[in-house]
Amino acid sequence: MLHSALIGLGSNLGDSFTLLGEAIERLATDARIEVVEVSGWIESLPIGGPSGQSAFINGAAKLATDLSAAELLAELHSVENLLGRSREVDWGPRTIDLDLLLFGQEIIATPALVVPHPRMAVRSFVLAPATEVAGDWLHPWIGSPLGELWKTWRDGVDAVGLVGDAATRTSLRVLVTEVFPALQTAVAAGSVADCELELIAVSQPLVEIAKPRLTICARHNDAIGLPTLCVDLADTTMSRRDVAAALIDAWPSLGESGGSA
């Protein structure tokens with residue numbers, strides 16, 4: 001059975017353009033993989049991880065394969081290893097990074113593999129090239145096409161939305177405002193797509209409920225069709241890091257205000 005897959009590519013060590021091109025070539029020479037379309041390359045600033053990293057070169061590629069998701073992931077790791085990928089530092093610099101973003105409409109959650117990629121909907125350097133090659137593909141648990149997610153991420157209201165029941169929203173508000181203490185006021189509350197939603201303004205006051213650029217929830221089934229980060233309220237260390245990275249990517253000026261991961 002032939003499967004459609006979407007991968008993200010990145011590099012910020014060595015000759016990045018050459019390494020990215022070689023990664024595509026190695027995948028294309030595998031008889032079990034067809035490289036259907038490759039996006040253009042974009043430059044992005046590092047988000048999270050150690051300070052002092054060089055800018056990344058990022059892109060995306062649409063594949064067709066008769067491999068399973070786990071087999072394709074193993075092949076991506078094999079190519080990374082051949083091109084000198086090191087995993088000594090989490091979110092650190094790398095010669096090559098190949099992420100399995102989507103595998104058809106499958107939702108996979110195992111210790112070795114999570115698909116859709118858990119942060120793809122809140123990373124501009126993923127959404128922009130992904131939209132170029134697969135803008136009409138639906139994000140399986142958010143339920144919106146990648147192109148719509150990218151448009152909202154790029155053009156949406158300057159607010160972060162907290163989704164869930166009252167207790168969940170309170171926990172999420174505490175988490176967000178611990179990361180960025182300046183974001184302390186819930187400025188609106190109401191309903192979007194039949195979900196309870198609370199907005200926290202980022203750059204200017206809001207007077208009514210609107211679709212925020214970024215939403216944060218604690219359960220995948222609370223997604224409301226907008227760029228959404230799902231955090232684990234039981235794992236505050238990882239969730240603080242994820243929230244900080246998502247907010248800084250959406251609003252780079254927040255990084256200057258001393259957010260704490």
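Residues numbered from 1 in each chain as written. Predicted model: local features only at pLDDT ≥ 70, side-chain atom pairs only at ≥ 80, totals over all residues. Heavy atoms only, no water.

(A) Expanded view of a nonpolar patch on the surface. Taken together, the side chains of Phe17, Val38 and Trp41 define a hydrophobic patch exposed on the protein surface, amounting to about 260 Å² of accessible area. Tracing the sequence through the fold places tryptophan 41 in the loop between β2 (33-38) and β3 (42-44). (Patch = residues over 30% accessible without salt bridge, like charges linked within 9 Å, V, L, I, M, F, W, Y side chains within 5 Å. Areas by Shrake-Rupley, 256 points an atom, 1.4 Å probe, with all protein chains shown as cover. Salt bridge = Lys/Arg side-chain N within 4 Å of Asp/Glu carboxyl O. Helix = DSSP H or I, 4+ residues; strand = E, 2+ residues; numbered from the N terminus.)

(B) Summary view of the confidence of the model for the protein. Looking at the protein, pLDDT values average 90 and 91% of them are 70 or higher. Element-level mean pLDDT values for the protein span from 72 in strand β9 (residues 186-192) up to 98 in β2. (pLDDT = per-residue confidence, 0-100.)

(C) The arrangement of the environment of arginine 26 in detail. Here arginine 26 is to be found in helix α1 (residues 16-28). As a C-alpha pair, arginine 26 and serine 78 span 52 residues in sequence and 10.0 Å in three-dimensional space. Every residue in contact with arginine 26, bar those within four places of it in the chain, is listed here: Val79, Leu82 and Leu83. (Contact = heavy atoms within 4.5 Å.)

(D) Just the packing of helix α3 (residues 124-134) against helix α4 (residues 146-155), in detail. The contact between α3 and α4 brings their axes to 9 Å, and the two run at 140°. Regarding the angle of α3 to α4, the classification is oblique. The crossing of α3 and α4 is left-handed. Judged by residue contacts, Ser124, Leu127, Ala128, Ala130, Thr131 and Ala134 of α3 engage Leu146, Gly147, Leu149, Trp150 and Trp153 from α4. A breakdown of the residues in the contact of α3 with α4 according to their chemical character gives eight nonpolar, three polar and no charged. (Axes fitted to C-alpha atoms, helices over the stretch in contact; angles between N-to-C directions. Parallel < 35°, antiparallel > 145°, perpendicular 65-115°, else oblique. Left-handed = near helix turned anticlockwise from the far one by under 90°. Nonpolar A, V, L, I, M, F, W, Y, C, P; charged D, E, K, R; others polar.)

(E) Main features of the pairing of strand β1 (residues 3-11). Most of β1 is tucked away, with eight of its nine residues classed as buried. In this structure, β1 lies alongside strand β4 (residues 56-65), joined through nine bridges in antiparallel fashion. Bridge pairing in β4 links serine 4 to alanine 64. Inspection of the sheet shows β1 paired to strand β5 (residues 97-103) by six bridges, in the antiparallel sense. (Buried < 20%, exposed > 50% of the residue type's maximum accessible area, 1.4 Å probe, protein only. Pairing = 2+ DSSP bridges.)

(F) Fine view of helix α6 (residues 236-250). The terminal C-alpha atoms of α6, which comprises 15 residues, lie 21 Å apart, in line with the 21 Å expected from a rise of 1.5 Å per residue. With 11 of its 15 residues buried, α6 lies for the most part within the structure. Summarising the contacts, the buried residues of α6 are in contact with α3, α4, β8 (157-163), α5 (166-179), β11 (212-217) and β12 (228-230). (Expected span 1.5 Å × (residues − 1).)

(G) Seen up close, unusual backbone geometry. Valine 115 connects to proline 116 through a cis peptide bond whose omega is 0°. Assignment of secondary structure puts proline 116 in the loop between β7 (114-115) and α3.

(H) Representation of the nonpolar core within the structure. Ranked by internal contacts, the top residues of the largest apolar core, which has 56 residues, are Leu6, Leu146, Leu214, Ile216, Val243 and Leu247. Core analysis: the second largest hydrophobic core is formed by 26 residues, Ile57, Ala61, Leu67 and Ile108 among them. (Core = buried A, V, L, I, M, F, W, Y, C linked by side-chain atoms within 4.5 Å.)

(I) Spatial organisation of α4. Residues Leu146, Leu149, Trp150, Thr152 and Trp153 constitute the buried set of α4. One side of α4 carries all its buried residues, which in axial view fall inside an arc of 165°. For α4, the secondary structure elements touched by its buried residues are β1, β5, α3, β11 and α6. (Arc of directions from axis to C-beta.)

(J) Region of interest: the pattern of salt bridges. By the definition in use, this model includes 11 salt bridges. Notably, a salt bridge pairs arginine 154 with aspartate 155, separated by 2.9 Å at the nearest N-O pair. Take arginine 154: its relative accessible area is 45%, and that puts it in the partly exposed class. The salt bridge partner of glutamate 198 is arginine 169, with a shortest N-O separation of 3.4 Å. On the criterion of sequence distance, the pair formed by glutamate 198 in strand β10 (residues 195-201) and arginine 169 in helix α5 is long-range, its members being 29 residues apart. Taking relative accessible area as the criterion, glutamate 198 reaches 5% and is therefore assigned buried.

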